[in-house]
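Listed below, chain by chain, are the residues.
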Amino acid sequence: MVGLKGEKWLVFSAWPYVNAIPHLGNLIGSILSADIAARFLRMKGAEVVFASGSDQHGTPIEVEAIKRGVDPKKMADEMHEVVRELFDKWNISFDIYTKTDNPVHIEFVREFYRKVYENGYVFSDVVQVLYCPNDKIYLPDRFVEGTCPYCGYPRARGDQCDNCGRLLDPLQLIEPRCVFCGSKPEVRETVHWFFDLPKLSEKIREYVEKNPNLPENARNMSLQMVKEGLRPRSLTRDNKWGIPAPFPGAEGKTIYVWMEAVLGYISAVKEYFERRGEPEKWKEFWLDPSTKSVYFIGKDNIPFHVIIFPALLMASGEGYVLPWTVASTEYLLFEGEKFSKSRGIGIWIDEALELLPVDYWRFALVWMRPEVRDSSFTWKGLQEAVNSQLNDAIGNLAHRTLTLVKRRFDYVIPQPGGLRKRDESVLSEAWSKVDEAEKSMMEFRFKKALSSILEIAYEGNAYINEMRPWEEPLADAAKTLFTACSLVKTLAVTLAPIIPESAQKMWEMLGYSGSVEEAGWDEAKRPVTPGLRIREPVPLFRKISDEELKALQAKLAEIRARKAQQASG
């Protein structure tokens, strides 16, 4: 087992754009995966800062706010609070969950881009853009809609077609129209500022080639993009809801939301230590070349995190540590289809919590995590994960073991008085599975880690069936139940990053006090403490019957109807 004591880790998840509540696919793709990593790394003794925040600026929120007649800041802050509270309920262990519309981030972004400009990586150019003469405003991104030039979808937005998924420029739209008044815009010329990404092509190629920690798909995709030739990236927009651009002559322009939110990875750590009264300590993480930073993102976000973000860090000249790795999943589908709010396909993270306890969802999402190929969330798959794995394997081993300790040893974990070969082989096999799980955790392959952990539960149940401690002589039953309790302890420790509430209950039922996560990962390979007085055994989980499964789907429809009524009212 590798110790990580003294290592500094920055764990980041993609910042959710708060014009909508995340769905289950968003959650397992970044935030829940990052939480599991952060919890595991803390248990291994690393010094971890786990940070994220709400991405609040840009045209989608501004459009919605203008249509509703409300201040975009008020709308974005309200949604930030909703999302932040939901992440609390999902037991996401952020050290800081902040937002982009806050003074620390705004000042950091402006100062950062001043340096990038002074270092010669920003230039201005005259470009053609759409302008609405009726509303007297420029129409960037989602301020304009029209027909997609690729698939003919009539309501494509200026930045992307929701139908075919192609990224667009407003000028590509056929028959464009202003989203506010519906009138036809005209083409005008204006000045915008650009990040000179091609200047850093060679440095980026070198970084990608020499970073052995990057996943193969991320490396190959990024090197192909460098080979094809990197293009300058737009830095400014003509909308008001954003951070004012700091470049000379750029009055009235804001920093493009994509190029601004990504700097939250730095500003959030800065804000975290400022809140703790250690305003300079963020530099010990961000300016230390030995710091390891990992970014949990969707696979469509790989180029941004492996090319553009590292290039910005280089261009600042500040010596910021470059990404150690990115961890991306494939896509989670819902019953074989893409999640779609408009078509009601999927489950959103607020709805899920009204249906089942949070650890059922956390477990099922890791069980279905799309690590090597797209996978599909299904209701039957949820039932299988909860019934066969969570309840029958894990819950059953814990409950039957502790119930037998209560019945045969009056609540006290027995002294084994020396173990038999069979007992030792069971523990040895379990601890080799802990090593397998640890290796997978370090590779951020959480589904694979969970499979190794479940093997311990399967083996434990088979062992109890074989030894029959309910009828063994007391001296033999002591050995069997000591061994079985040790397996329950191993499960409590190794499951703590995945299902923290249930793992803590398991830990306490064994008679331990304090936090299982603070006890540390290495406790998974230490036998249980004999003489501990266990707590009253209660079942940790329950099965979902076929009838309940139907009732959950009906309840989801009721939740949707209620939300639709609230939205229209």
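Criteria and cut-off values
- Residues numbered from 1 in each chain as written.
- Predicted model: local features only at pLDDT ≥ 70, side-chain atom pairs only at ≥ 80, totals over all residues.
- Heavy atoms only, no water.
- Helix = DSSP H or I, 4+ residues; strand = E, 2+ residues; numbered from the N terminus.
- Buried < 20%, exposed > 50% of the residue type's maximum accessible area, 1.4 Å probe, protein only.
- Contact = heavy atoms within 4.5 Å.
- Bend = angle between axes of the 7 residues up to and from the residue.
- Phe/Tyr/Trp six-rings, centres within 6.5 Å; stacked < 30°, edge-to-face > 60°.
- 1 Å grid on protein atoms, 1.4 Å probe; cavity = no way out; pocket = protein on both sides within 12 Å on 5 of 7 lines; lining within 4 Å.
- Points joined across faces, edges and corners; volume = space filled by probe spheres on them.
- Nonpolar A, V, L, I, M, F, W, Y, C, P; charged D, E, K, R; others polar.
- Pairing = 2+ DSSP bridges.
- Axes fitted to C-alpha atoms, helices over the stretch in contact; angles between N-to-C directions.
- Parallel < 35°, antiparallel > 145°, perpendicular 65-115°, else oblique.
- Left-handed = near helix turned anticlockwise from the far one by under 90°.

A. Fine view of the environment of S54. For S54, the position within the fold is in strand β2 (residues 47–54). On the basis of relative accessibility, which here comes to 0%, the residue S54 falls in the buried class. Sequence-wise, S54 and R155 are 101 residues apart; in three dimensions their C-alpha atoms are separated by 27 Å. Leave out the neighbours within four places in its chain, and S54 touches W15, P16, V18, H80, Y97, T98, K99 and T100.

B. Looking closely at helix α1 (residues 24–43). Most pronounced at I31, the bend in α1 amounts to some 35 degrees. Of all 20 residues making up α1, 18 are buried, and the element is well covered by its neighbours. Following α1 by one or two positions, G45 has its phi on the positive side, about 95 degrees.

C. The packing of aromatic side chains, seen in detail. Scanning the entire structure with this criterion turns up 39 aromatic pairs. Seen from their ring centres, F12 and Y265 are 4.9 Å apart, and the 45 degrees between their planes marks the pair as tilted. Separated by 253 residues along the polypeptide, F12 in strand β1 (residues 8–13) and Y265 in helix α8 (residues 264–275) bring together distant segments of the chain. Taking the relative accessible area as the measure of exposure, F12 reaches 0% and is therefore buried.

D. The arrangement of empty space enclosed by the protein in detail. Inspection of the entire model under this criterion finds one cavity of 30 Å³ or more. Here the largest cavity defines a volume of roughly 40 Å³. Around the largest cavity, the lining residues are G58, T59, D141, R237, N239, I255, Y256 and V257. Of the residues belonging to the lining of the largest cavity, the class tally is three nonpolar, three polar and two charged.

E. Representation of helix α2 (residues 59–68). For α2, the full list of buried residues reads T59, P60, I61, E62, V63 and A65. Considering only its buried residues, α2 is in contact with α3 (72–89). Following α2 by one or two positions, G69 has its phi on the positive side, about 75 degrees.

F. Structural view of the sheet that holds strand β7 (residues 156–157). The strand order across the open sheet formed by three strands is β7-β6-β8, and the pairing between neighbours is antiparallel. The open sheet terminates on both sides in strands that have one partner only, identified here as β7 and β8 (174–178). Where strand β6 (residues 144–147) meets β8, three bridges bridge the pair, whose relative direction is antiparallel. From the neighbouring strand, T147 faces β8, where its bridge partner is I174.

G. Structural detail: the packing of α1 against helix α14 (residues 421–442). At their nearest, the axes of α1 and α14 sit 10 Å apart, and the two run at 125 degrees to each other. The angle between α1 and α14 falls in the class oblique. In the crossing of α1 with α14, the sense of the turn from one axis to the other is left-handed. On α14, the residues touching I36, F40 and L41 of α1 are E438, M441 and M442. The residue makeup of the contact of α1 with α14, split by class, is five nonpolar, no polar and one charged.

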